[in-house]
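Structure at a glance
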Amino acid sequence: MERRLAAIVCADVAGYARMMGADEAGTHAAFKAHRSAIYPVILNHGGRIVKNTGDGFLLEFPSIVGAIESAIAMQTLMAERNTHLPADRVMRFRLGVHMGDVIADEDEVFGDGVNIAVRLEAVAVPGGVAVSEKAHQEASKHLSVELVDAGSHRFKNIEEPVHVWAWEPGGSETSGRKPNEPSKSTSNLPAQYRTAIVGVLPFANLTDSTDEYFSDGLTEDLIHALSLQSFYRVLSRSSTFTFKGKGLSARLIAREIDATYLIQGSVRRSGTKIRVTAELIAPETGEQLWTGRYDRDMGDLFALQDELTTNLSAALAPEIYRAEASHPARSSSTDLTAWDRFLRGLSHYYLQTKEDFESSIALFREAIALDPTLAIARAYLGTILVQGVQYGWIRSTSELWAEAMSLAESSVRLDPRSSFAFSILSYMHAMDGNHEAALDAARKAVKLNPYDMGARGVLGICHLVAGEHREAIELFSMAVQRGNSDPRYKWAALNAFSHYLLGQYDASLSWAREALYLNPVHLQMLTVRAAALAQSGRAEEAADATKVLLTNYPGLTVEKHLRNFRWKAPADIAHYRDGLLKAGVPSTRLTIVGAAKS
């Protein structure tokens, strides 16, 4: 046995016995789903689960700051998960946090340090955290939130009184909340803006009952993965699993749970093969918005489940965005709100033409003017400004890049839990040559949403600008395989650059061809195609490619084009310049012909 100083968090569910009495199976399933959802939060703060109890768990952390921050993060996540549930299905934890001596015996811990944490949990308000005076003294100067003095308490079997500090969701608003009333959403995107409600129905198991755990687990993981997006609301497991095996129509289920979209699917196993099918439907019309099928070999089931969850989430999330954008005005009012304008801008953005880009920019600006706190509109506006420059549709100016950076920074400030916001911030830093800042923001984006292929691809951009092209290609290829329907990210174009810089010109041309198929006048793809052809020794084709490039962008010169490239390795810039010059792109131009765009 070992005696050590440790930070202990004890948790239980308020009113668990009552909930079990009303619905034993549903309550147990909901508890497991919530525990699975907060497990990454525990790990992200360095904690470990010491023990699972019937209605709670005991955690140990090496740092008291990590323990308190993890407890608050868990309660914040639980408040969001509870927001859209009926009152009788809301599940709220009470958390107690203490730092003290414990006795460690194998994987368990004992002693007064544990006992005090258990007692503190009992005095925490549902959805709140109770922290001992000792823990508060050690951690308070390092915390980003303030705790409230909750007075001194005497606990059974604890000799000295314990002074308690408390954190409650929503601050002072919590004390006025009625019993069993759901907590307000903690998302920085206001609830009235997240108009779409998504329900994930239990995936049907089409083989024998021994595979039921896999289909249920896949459904639970998909609910968690989709819930990390802030654009829409995702109903919890307990809302949709009640319909398992009932044979009800999607339309009836959607009306029962007030879902805008439903996701349903099936799992079938044959020998060592497994097939998963899924579809996204608009239940009111019965329209199938997306369908996918995944065939895999059985192996490590947990790894397989994680891969399938990632694939499904990456495919479904942008399709929900696309579906919402195609129905931009849900309000019957003629006085459009900021959210209406944002959705209308999004509908133009998905059309990917120069005219639609201009319409999107105007609508996103209107949305921001109406609601300066609408972070997602800022992130999209920053994205579309940069893409417009890369396509050659918008003139590159220092003012534009400064505005795009400002939009990215304010988006992160307004919605610090958005992986998309951190992705666009990372990209802006990368384009500005701030390589460490870019890498830091990209890692935060991935941490916020490990299922976001956009975030992983932006991490690839950090490798590209740093000259680490094989690592970049690996991430770009993963992103294009799993999230290739999202117009925010141009993986084909990025792959074309990385392959070019590795001297893999045929591959670069293949990726450039893919990008130009979607946008035939994509400035950067016309340039890299000409450079790759020239470096391959295909002089005649390179000359033809340069002619097409200069016909579309007659004011282009090599030096003007390279102004916006902040690649870390001078050899990469030199390599790209060499290819452009070999292709016949003018180095400088003494007379101005047409409009200069780069």
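Conventions adopted
Within every chain, residues take consecutive numbers counted from 1 along the sequence as written. pLDDT decides what is reported in this predicted model: residues at 70 or higher carry local features, side-chain atom pairs at 80 or more are listed and counted, and totals for whole chains, interfaces and linings draw on all residues regardless. Excluded from the side-chain calculations are hydrogens and water; all other atoms, namely the structure's heavy atoms, are used. Numbering goes from the N terminus for both helices and strands, where a helix is a DSSP run of H or I of at least four residues and a strand is a run of E of at least two. The cut-offs for exposure are 20% and 50% of the maximum accessible area for each residue type, with area from a 1.4 Å probe on protein chains only; residues under the lower value are buried, those over the upper are exposed, and the others partly exposed. The contact criterion used throughout is that any non-hydrogen atoms of two residues lie within 4.5 Å. Only buried Ala, Val, Leu, Ile, Met, Phe, Trp, Tyr and Cys residues count toward a nonpolar core, and they belong to the same one when joined by side-chain atoms within 4.5 Å. Across the chain, each position has a pLDDT score giving the predictor's confidence in that residue, from 0 to 100. When two rings of Phe, Tyr or Trp (its six-membered ring) have centres within 6.5 Å they constitute a pair, described as stacked for plane angles under 30 degrees, edge-to-face for angles over 60, and tilted for the intermediate range. A pairing counts as a salt bridge when a side-chain nitrogen of Lys or Arg comes within 4 Å of a carboxyl oxygen of Asp or Glu. Multiply 1.5 Å by the residue count of a helix minus one, and that product is the helix's expected span. Axis geometry follows a simple rule: fit a line to the C-alpha atoms, using only the stretch in contact for helices, then measure angles between N-to-C directions, giving values from 0 to 180 degrees. Each angle receives one of four descriptions, namely roughly parallel if under 35 degrees, roughly antiparallel if over 145, roughly perpendicular if within 65 to 115, and oblique otherwise. We call a crossing left-handed when the near helix sits turned anticlockwise from the far one by less than a right angle, and right-handed when that turn is clockwise. Residues were grouped as follows: Ala, Val, Leu, Ile, Met, Phe, Trp, Tyr, Cys and Pro as nonpolar; Asp, Glu, Lys and Arg as charged; and all remaining residues, including Gly, as polar. Under the rule applied, a polar contact is a pair of N or O atoms within 3.5 Å (in protein, one hydrogen donor and one hydrogen acceptor; residues adjacent in sequence only if both atoms are side-chain atoms).

Observations regarding the overall build of the protein chain
- Helix and strand counts for the protein chain come out as 23 helices and 14 strands.
- Expressed as a percentage of its 598 residues, the buried residues of the protein chain come to 55%.
- In the protein chain, the share of contacts with a sequence separation of at least 24, taken over all contacts with a separation of at least 6, comes to 66%.

Some remarks on the nonpolar core
- In terms of nonpolar packing, the biggest core is built from 129 residues, with Phe203, Tyr232, Phe342 and Tyr576 touching the most fellow members.
- Residue contributions to this core peak at 11 residues, all from helix H9 (residues 301–325).

A short note on the environment of leucine 235
- Checked against the element boundaries, leucine 235 lands in the loop between strand E11 (233–234) and helix H7 (237–240).
- Taking the C-alpha atoms as reference, leucine 235 lies 8.2 Å from alanine 259; in sequence the two are 24 residues apart.

Description of the confidence of the model for the protein chain
- Per-residue pLDDT for the protein chain has a mean of 83; in total, 90% of the residues score no lower than 70.
- Looking across the protein chain, the model is least confident in helix H2 (residues 24–44), with a mean pLDDT of 77, and most confident in helix H23 (residues 570–583), with 96.
- Ignoring residues within four places in sequence, the model shows residues 171–188, a span with pLDDT below 50, making 38 contacts including any to other chains.
- Per-residue pLDDT stays below 50 along residues 590–598; that stretch engages in 20 contacts with residues further than four places along the chain or on separate chains.

Quick word on the packing of aromatic side chains
- Taken as a whole, this structure holds 24 aromatic pairs when the rule is applied.
- Note on phenylalanine 357 and tryptophan 393: the rings are 5.0 Å apart at their centroids and 90 degrees apart in plane angle, and the pair reads as edge-to-face. Placement of phenylalanine 357 in helix H11 (residues 354–370) and of tryptophan 393 in the loop between helix H12 (375–391) and helix H13 (398–414) is noted, with a sequence separation of 36 residues between them.
- With relative accessibility at 14%, the residue tryptophan 393 sits in the buried group.
- When the ring of phenylalanine 476 is compared with that of tryptophan 491, the centres are 6.1 Å apart and the planes differ by 25 degrees; the resulting orientation is stacked. With phenylalanine 476 in helix H17 (residues 469–482) and tryptophan 491 in helix H18 (residues 491–501), this pair connects stretches of sequence that are 15 residues apart. Each member of the pair, phenylalanine 476 together with tryptophan 491, is buried.
- Members of the aromatic cluster, joined through ring pairs, are Trp339, Phe342, Tyr349, Tyr350, Phe357, Phe364, Tyr380, Tyr391, Trp393 and Phe420.

Remarks on the pattern of salt bridges
- This model, assessed by the stated rule, comprises 17 salt bridges.
- Residues arginine 48 and glutamate 60 are paired through a salt bridge, measuring 2.9 Å at the closest nitrogen-oxygen approach. With arginine 48 in strand E2 (residues 48–53) and glutamate 60 in strand E3 (residues 56–61), this residue pair connects regions lying 12 residues apart in the sequence.
- Accessibility expressed as a relative area gives 28% for arginine 48, which makes it partly exposed.
- Since its relative accessible area comes to 8%, glutamate 60 is described here as buried.

Observations regarding H11
- Helix length check: H11, at 17 residues, gives a terminal C-alpha distance of 25 Å against a target of 24 Å (1.5 Å per residue), a fit within 8%.
- Taken together, the buried positions of H11 are Asp356, Phe357, Ser360, Ile361, Leu363, Phe364, Ala367 and Ile368.
- On its buried face, H11 sits against helix H10 (338–349), H12 and H13.

Focus: the packing of helix H14 (residues 419–431) against helix H15 (residues 435–448)
- Between H14 and H15, the least distance of the axes is 8 Å, while the angle of their chain directions is 165 degrees. When the interaxial angle is binned, H14 and H15 end up roughly antiparallel. Classified by chirality, the crossing of H15 by H14 is left-handed. Contacts from Ser419, Phe422, Ser423, Leu425, Ser426, His429 and Ala430 in H14 reach Ala437, Ala438, Ala441, Ala442, Lys444, Ala445 and Leu448 in H15.
- When the residues that make up the contact of H14 with H15 are grouped by side-chain class, the tally is nine nonpolar, four polar and one charged.

A short note on the side chain of serine 215
- You can see serine 215 is positioned in helix H6 (residues 212–227).
- For serine 215, a relative accessible area of 0% puts it in the buried group.
- A distance of 3.0 Å separates a polar side-chain atom of serine 215 from the backbone oxygen of glutamate 212.
- Setting aside residues no more than four positions away along its own chain, serine 215 makes contact with Phe203, Asn205 and Val267.

Description of the environment of valine 102
- Relative to the elements of secondary structure, valine 102 occurs in strand E4 (residues 93–105).
- On the accessibility criterion, valine 102 (0% relative accessible area) is buried.
- Setting aside chain neighbours within four positions, we find valine 102 in contact with Glu2, Arg3, Arg4, Ala6, Ile8, Val109, Phe110, Gly113 and Val114.

Focus: the packing of H13 against H14
- Axis separation between H13 and H14 bottoms out at 8 Å; the angle between their running directions is 145 degrees. Like other packed secondary-structure pairs, H13 and H14 cross with a definite hand, here left-handed. Here H13 contributes Trp401, Ala404, Met405, Ala408, Glu409, Ser411 and Val412 to the contact with H14, which in turn contributes Ala421, Phe422, Ile424, Leu425, Met428, His429 and Met431.
- For the contact of H13 with H14, the residue count by class is 11 nonpolar, two polar and one charged.

Regarding the side chain of histidine 429
- Structurally, the position occupied by histidine 429 is in helix H14.
- A residue is classified by how much of its surface remains accessible, and histidine 429, at 13% relative accessible area, is buried.
- Those residues in contact with histidine 429, other than ones at most four positions away along the chain, are Met405, Asn434, Ala437 and Ala438.

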